[in-house]
Structures are given as structure tokens and as C-alpha cells.
Amino acid sequence: MATLTNPVHERIASDIRDNDVVLYMKGSPVFPQCGFSAAVVQILSQMGVKFKGIDVLVDPSLRQGVKDFSNWPTVPQLYVKGEFVGGCDIVREMFESGELAELLRSKGIAASA
Amino acid sequence: MPMDIQEVERLIKAGLPDAKVRIEDLRGDGDHYAAYVESPAFAGKTRIEQHQMVYKALSGHMGGTLHALALRTSAPKPT
């Protein structure tokens, strides 16, 4: 993780501290602007997980900042309890294998599936 | 600006010389790829670390010239 020297990183740090499940994405959960973001929204919704969706398209500094923060070149990015879980491929793989449900359970986050 | 499939494979193999790499052009448009990468270097690494190693091999192209690369990584199964 990057050191907290810039305001964008501080904002990300507080977002992922104050919300159990955070998805940095393109567009909003209701209107995703990218297929990869939409796929993660669909998985979380299907699992009945409450999450905070943050649209990086409205803020170029956030769009770049979240990539630097996690050392991850793409969006979407899923955080659970302050920890970076992965992008679309990893989330999908973990969902299919049941690891995602297990992770959420181990962190005490309610999921219906 | 799309990226050539051979170039994607070349970069991954340059960064991870012992990797087995298979790449599919998902839509035939030279812009949406899926890559399957198996490397002994992934052993003991988390999925995030494995993907970061591939992204590092792609040296900045991911999220830039390379728009869509669905990635699946694994270490060789012990025989």
C-alpha cells in the first residue's frame, strides 16, 4: 500500500475504513459504465452483500489515485474491511469457487448466498 | 490503440520466462483478450500478487493500450 501523503490516498483510506465493502467502479451500481464493473456489481448483488459503490469516472484524480493506492492497473477494485480483494477476474474466480462467500463470512459481513 | 496478441504474449513471457501462456482474442477485435498464465514463480503467492506479476510484465500497458485482459493465473500442480 502507498503511504498516505496525498489527499486522494487519504480519502481512499477513510472510505475503506468507514465502509465494510467498497467497490471502486466505472459508473454507479445502478448504471455501471463498464462491463467489468457491472460484473462485480452483479456478483455482489446476487450474494446480497451491501456495498458502497464509488464512481471513479467523476474524478480523474481518484481514477488514478485508486490505481496507485492498490498498485493495481485497472478498475473495478473491491475492498473488504479495508483489504484489497482484487479486480473483476479475481472476484469472479473467488465467487465461483465459494472463496468470496467464505471471505465475507470470515469478516462477519452478511451475505444471503 | 489495440495491442497485438503476439506482443501481449511476448511481454508476459519476457517478464515470466518459465511461464506457460495461452491467450485468446475474445472478440476478434484485437482489444479484448483472455490470458491463462501458469508459472512456477506463482507458487506460494496470493492471487493478487500473481496478477500483479503479470501486470508488471506488461509494463504499463494494462489499463492503457491494453484495455481488456481477463486474467487467470496458477502455479503448476505438483506432480
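Details of the structure are given in the entry above.
Below or above, wherever it landed, is the structure these notes cover.

What counts and what doesn't
Residues numbered from 1 in each chain as written. Chains lettered and ligands numbered in written order. Predicted model: local features only at pLDDT ≥ 70, side-chain atom pairs only at ≥ 80, totals over all residues. Pairing = 2+ DSSP bridges. Helix = DSSP H or I, 4+ residues; strand = E, 2+ residues; numbered from the N terminus. Right-handed = clockwise from strand over helix to strand, strands pointing away. Buried ≥ 20, exposed ≤ 12 C-beta atoms within 10 Å, placed from the backbone.

The two faces of a sheet get side chains in turn, since along a regular strand they alternate between them. All names here are of chain A. Note that strand 1 (residues 21–25) and strand 2 (residues 52–55) share four bridges and pair parallel. Each bridged residue has a counterpart across the sheet, and for valine 22 the counterpart in strand 2 is lysine 52. With respect to chirality, the unit in which strand 1 leads through helix 2 (residues 35–46) into the neighbouring parallel strand 2 is right-handed.

Here we take up the pairing of strand 1 of chain A. Residues and elements named next belong to chain A. Most of strand 1 is tucked away: five of the five residues are buried. Burial along strand 1 is two-sided: Val21, Leu23 and Met25 and Val22 and Tyr24, pointing in opposite directions, are all buried. Here four bridges tie strand 1 to strand 3 (residues 77–80), and the two strands are oriented antiparallel to one another. In the strand pairing of strand 3, valine 22 is matched with tyrosine 79.

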